[in-house]
Amino acid sequence: MPLHTQQFFDDVLELPFYQYAIVGDALYAAPQPNSELRLCIGFAPTIRHGEYDGLRLRVAHPEQGVLDTAILRFADHGTFERRDTARGLVAGRDGYAVIRDWHANSSQPPWHGADGTGLRTAIEQYAHVWFPEPAVSRPPARPVAQPTPATAFSPRSR
């Protein structure tokens, strides 16, 4: 069964990147315009073929190659907490906090029931380190208006 990568990134994670594309089972993003750095997000495999327990994030430069790699585990970010609780799975049990592309229930994508909130927050924090928001130039300070001298009325001027 395919991982339905496009749906996972669009429906579960909903990442706010400037520009991205899905190639195979990975998302390639240019989180900022005019940056040479790219962010690649793919599924992190376990020791079993076709089983994944998180996402692997890589920051790459076109000339220097991969600059950094981070693994975000589904278990650490509560991605499948509801699904696994409903199935009676706890940490240490087979199938806990993983997705499998050979899952028996082929009518649903393997990540069905995922909550991407924790992962999305972690990805955004990671991306912010490598792709900080451009400094917003503040408009020049406007001069403070000086009070105009008012003509004083004196009792004598009447």
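Structure's up top.
Per chain, residues are indexed from 1 in the order of the written sequence. At least 70 in pLDDT is required for a residue's local features to be given in this predicted model, at least 80 for side-chain atom pairs to be given and counted, and no such filter applies to totals for whole chains, interfaces and linings, which use all residues. Side-chain numbers come from the whole structure's heavy atoms, not from hydrogens or water.

### Details of the overall build of the chain
Phase 1: Each helix and strand counted, the chain has three helices and six strands in total.
Phase 2: A helix here means a DSSP run of H or I that spans at least four residues, while a strand means a run of E at least two residues long, and both kinds are numbered starting from the N terminus. Ordering the α and β elements of the chain from the N terminus gives α-β-β-β-β-β-α-β-α.
Phase 3: Residues classed as buried in the chain amount to 36% of the 158 residues present.
Phase 4: Across the chain, the fraction of contacts at a sequence separation of at least 24, relative to all contacts at a separation of at least 6, is 49%. Only protein chains enter the area calculation, which uses a 1.4 Å probe; residues under 20% of their type maximum are buried, those over 50% are exposed, and those in between are partly exposed. Whether two residues touch is decided by their heavy atoms; if any such pair falls within 4.5 Å, the residues are in contact.

### Observations regarding the side chain of Gln32
Phase 1: Inspection of the secondary structure assignment puts Gln32 in the loop between β2 (26–30) and β3 (38–45).
Phase 2: Within the local environment of Gln32, its side chain forms a polar contact with the backbone oxygen of Phe131, the two atoms lying 3.4 Å apart. Contacts described as polar in this section are N or O atom pairs within 3.5 Å, which, within protein, must combine one atom able to donate a hydrogen with one able to accept it, while residues neighboring in sequence count only if both atoms come from side chains.

### Considerations on the nonpolar core
Phase 1: Definition used in this section: a nonpolar core is a set of buried Ala, Val, Leu, Ile, Met, Phe, Trp, Tyr and Cys residues joined via side-chain atoms within 4.5 Å. Core analysis: the largest hydrophobic core is formed by 31 residues, its most contacted members being Leu39, Ile41 and Leu55.
Phase 2: The greatest single-element share of this core, amounting to five residues, is contributed by helix α3 (residues 117–130).
Phase 3: Once residues lying within four places of it in the same chain are set aside, the contact partners of Leu39 are Phe17, Leu27, Tyr28, Ala29, Pro31, Leu57, Arg58, Val59, Tyr126, Ala127 and Phe131.

### Here's the deal with the pairing of β2
Phase 1: Summarising burial for β2: four of the five residues are buried, a large majority.
Phase 2: Two strands pair under a simple rule: DSSP has to find at least two bridges between them. Strand direction decides the pairing type here: strand β1 (residues 19–23) and β2, joined by five bridges, are antiparallel. Within β2, the position partnered with Gln19 by the bridge is Ala30.
Phase 3: Count of turn residues in the β1/β2 antiparallel hairpin: two residues, of which Gly24 carries a positive phi of about 65°.

### Things to note about the environment of Gln32
Phase 1: The exposure class of Gln32 is buried, given its relative accessible area of 17%.
Phase 2: Counting along the chain gives 14 residues from Gln32 to Tyr18, while the straight-line C-alpha distance between them is 5.8 Å.

### A short note on the pattern of salt bridges
Phase 1: Put simply, a salt bridge is a Lys or Arg side-chain nitrogen that is within 4 Å of an Asp or Glu carboxyl oxygen. Per the counting criterion, the structure on display carries six salt bridges.
Phase 2: A salt bridge links Asp94 to Arg48, with the nearest nitrogen and oxygen atoms 2.7 Å apart. Placement of Asp94 in the loop between α2 (81–87) and β6 (99–100) and of Arg48 in the loop between β3 and β4 (51–61) is noted, with a sequence separation of 46 residues between them.
Phase 3: Measuring nitrogen to oxygen at the nearest pair gives 2.6 Å for the salt bridge that ties Arg100 to Glu51. Pair noted here: Arg100 is in strand β6 and Glu51 is in strand β4, with a separation of 49 residues, a long-range link.

### Considering helix α1 (residues 5–13)
Phase 1: Taken residue by residue, α1 has Thr5, Phe8, Phe9, Val12 and Leu13 as its buried positions. For α1, the angular spread of the buried residues around the axis is 105°, confining them to a single face.
Phase 2: Contact partners of the buried residues in α1: β1, β2, β3, β4 and α3.
Phase 3: Directly after α1, the chain includes Glu14, whose backbone phi takes a positive value near 50°. Picture the helix axis, draw a direction to every C-beta atom, and the arc is the one those directions span.

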